[in-house]
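Spelled out, the chains give:
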Amino acid sequence: MPYLPYRDDIETPEAGEQESIDGIIKGMTQESQTVEKRDGHAVRASHAKSTACVIGTMVVADDLPPELAQGLFANPGTFDVAVRFAQGPGEKLGDRVSTHRGMAIKVFGVEGAKLPGHDAPTQDFVLASGTTFPAGTAAGFLAQAKKIGMTVPMPEGVKSAAASIARNINTVLNAVGAEPSPTLDFYGHPFSHPLVETYFSQCPIRYGDHVAKLGVFPVSPEQRALDDWRLDPHQDEDGFRHAAIAYFDGNDAVFELRAQLWADAETQPIEDTSVDWPTRVSEYRTIATIRLPRQAAYGPDRVRYFDEVMTFRPAHALEAHRPLGGVMRARMQVYRALSDFRHRETGITAANTAAITDIPA
């Protein structure tokens, strides 16, 4: 298949994009202030409630074809990784408010030219459940942020009811053979086990000489055995966390990291991340294996470090894996601004963690 090459001119910023980004930062900062005032502590503006904080390794596959042997994946090798699983909202809600999930990966020992402002030997991949981001552009991101901002002061029961409605509509769509809505899934995700989820970059990144979206797919038999697992949130409001802890107490988790290369500019747009890149045009192909061995997945010292100190950002990247598109251009500024706000409020110094040994056991 003839994959399209990366070019410096493939991005097309929309008019007024910086104003949209400024609006996102302002609105999400106000949301964080509302949560801090209510709960007495500033938390991450997205994915505030962690589910598991673990370490492991990433092994780049041998004998990748030239189009996949790019950037970090140019040569076979083994890298240490830190992985944070989390719920979607920028507030710590009970698990009956089951929305989209997050999986943030920090790869250590990464050499090569980095993006400006990133001086650690690391590469971050910030992933979420769902192949697309509901807002396709920075302007859409701003509109979505405004809607979420309106819900933050609402009682948790209202948020639970809204998530339930979204989840139930998608269940009906699935039952009648229609495609479930990614937007509804963002707000109302099934009560599935966090370690059987598939996580995606949703937005494109440079992939050396090419462009790609990334996906992380669970592959161990122990994980696949959890396909039918469902949380009863009435029994345990922190059930996703407890399920992840119990899993890692006795099992390794294994994921395949796969790349979907850019092959058709019409059906695989760079600037609209609400469009799912069709796999009939370009499938997800394995580039590495992530192994997270059995471990204490929620020790207090490590959780404090992951939740309060460590930063995961799309901007922590090699030049060869530069984030692309309007939503990613927004994220590069938004993540930094909101992290700076949170750490000012907590008085905890942020760390662009440079080595796996910096992480508490």
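Quick look at the structure, then. (Residues numbered from 1 in each chain as written. Predicted model: local features only at pLDDT ≥ 70, side-chain atom pairs only at ≥ 80, totals over all residues. Heavy atoms only, no water.)

Counting buried positions along strand β7 (residues 210-218) yields nine of nine residues, so the element is predominantly enclosed. Of the two faces of β7, the one lined by H210, A212, L214, V216 and P218 and the one lined by V211, K213, G215 and F217 are each fully buried. Looking at chain direction, strand β5 (residues 199-200) and β7 are connected through two bridges and run antiparallel. Within β7, the position partnered with F200 by the bridge is G215. Two elements, β7 and strand β8 (residues 253-261), share seven bridges in a ladder whose sense is antiparallel. By the bridge assignment for β8, V216 is matched with L257. (Buried < 20%, exposed > 50% of the residue type's maximum accessible area, 1.4 Å probe, protein only. Helix = DSSP H or I, 4+ residues; strand = E, 2+ residues; numbered from the N terminus. Pairing = 2+ DSSP bridges.)

The N-to-C vectors of helix α7 (residues 300-309) and helix α8 (residues 326-346) enclose an angle of 120°; their axes lie 11 Å apart at closest approach. One finds that α7 runs oblique with respect to α8. Contacts from D307, E308 and V309 of α7 reach α8 at R342, H343 and T346. Across the contact of α7 with α8, the residue classes break down as one nonpolar, two polar and three charged. (Axes fitted to C-alpha atoms, helices over the stretch in contact; angles between N-to-C directions. Parallel < 35°, antiparallel > 145°, perpendicular 65-115°, else oblique. Contact = heavy atoms within 4.5 Å. Nonpolar A, V, L, I, M, F, W, Y, C, P; charged D, E, K, R; others polar.)

As a further point, take the packing of aromatic side chains. By the definition in use, this model includes 13 aromatic pairs. Between F85 and F255, the aromatic rings sit 6.1 Å apart at their centres with planes inclined by 35°, giving tilted as the arrangement. Within this pair, whereas F85 is found in strand β2 (residues 77-87), its partner F255 is found in strand β8, the two being separated by 170 residues in sequence. The residues F85 and F255 share a single accessibility class, namely buried. Ring centres 5.3 Å apart and planes at 70° place the aromatic pair F133 and F141 in the edge-to-face group. By relative accessible area, F133 is classed as buried at 6%. Each member of the aromatic cluster is reached from another via a ring pair, and the members are F133, F141, F186 and Y187. Note that K106 overlies the ring of F312, its terminal NZ or CZ placed 5.3 Å from the centroid. In this structure, R331 packs its charged tip against the face of F133, placed 4.8 Å from the ring centre. (Phe/Tyr/Trp six-rings, centres within 6.5 Å; stacked < 30°, edge-to-face > 60°. Lys NZ or Arg CZ within 6 Å of the ring centre and 35° of its normal.)

The next point concerns helix α2 (residues 138-151). The terminal C-alpha atoms of α2, which comprises 14 residues, lie 20 Å apart, in line with the 20 Å expected from a rise of 1.5 Å per residue. Those residues of α2 that fall on the buried side of the exposure criterion are A138, F141, L142, Q144 and A145. All buried residues of α2 fall inside an arc of 165° around its axis, so they share one side. Within α2, the exposed residues directed more than 90 degrees away from the buried face are K146, K147 and M150. Lining the buried residues of α2 we find α1 (17-39), α4 (182-187) and α8. (Expected span 1.5 Å × (residues − 1). Arc of directions from axis to C-beta.)

With respect to burial, strand β3 (residues 101-108) is a largely interior element, eight of its eight residues being buried. In β3, alternate side chains face the same way, and those of R101, M103, I105 and V107 on one face and G102, A104, K106 and F108 on the other are all buried. The pairing of β2 with β3 spans seven bridges and is antiparallel. The partner of A86 across the bridge, within β3, is G102. With seven bridges joining them, β3 and strand β4 (residues 122-129) adopt antiparallel strand pairing. Residue pairing in the sheet places K106 in a bridge with D124 of β4.

Quick look at the side chain of R331 now. Mapped onto the elements, R331 comes out in helix α8. Here R331 is buried and forms no salt bridge, its nearest opposite-charge partner E11 lying at an N-O distance of 12 Å. The contact partners of R331, leaving out residues within four places of it in the chain, are F133, F141, S201, Q202, C203 and P314. (Lys, Arg positive; Asp, Glu negative; His and termini not counted. Salt bridge = Lys/Arg side-chain N within 4 Å of Asp/Glu carboxyl O.)

Before going further, it helps to examine the nonpolar core. One finds M58, F73, F85, I105 and L292 to be the most contacted residues of the largest nonpolar core, which totals 61 residues. Ignoring any residue separated from it by four or fewer positions in sequence, one finds F73 in contact with M58, V60, L64, L68, F125, Y207, L257, I287, A288 and H321. Membership of the second largest hydrophobic core comes to 15 residues, among which are A104, Y305, V309 and I356. (Core = buried A, V, L, I, M, F, W, Y, C linked by side-chain atoms within 4.5 Å.)

Position of E179 among the secondary structure elements: in the loop between α3 (156-175) and α4. Classification of E179 as exposed rests on a relative accessible area of 71%. Sequence separation between E179 and A48 is 131 residues, and the spatial gap between their C-alpha atoms is 29 Å.

Compared with the 28 Å implied by 1.5 Å per residue over 20 residues, the 28 Å span of α3 between its first and last C-alpha is a close match. Every buried residue of α3 is accounted for by K159, S160, A163, A166, R167 and N170. Looking down the long axis of α3, one finds its buried residues gathered within 130° of arc, a one-sided arrangement. Of the exposed residues in α3, the ones pointing more than 90 degrees away from its buried face are I165, V172 and A175. Looking at the buried residues of α3, the elements they touch are α1, α2 and α4. Positive phi appears at G177, one or two residues downstream of α3, with a value of about 85°.

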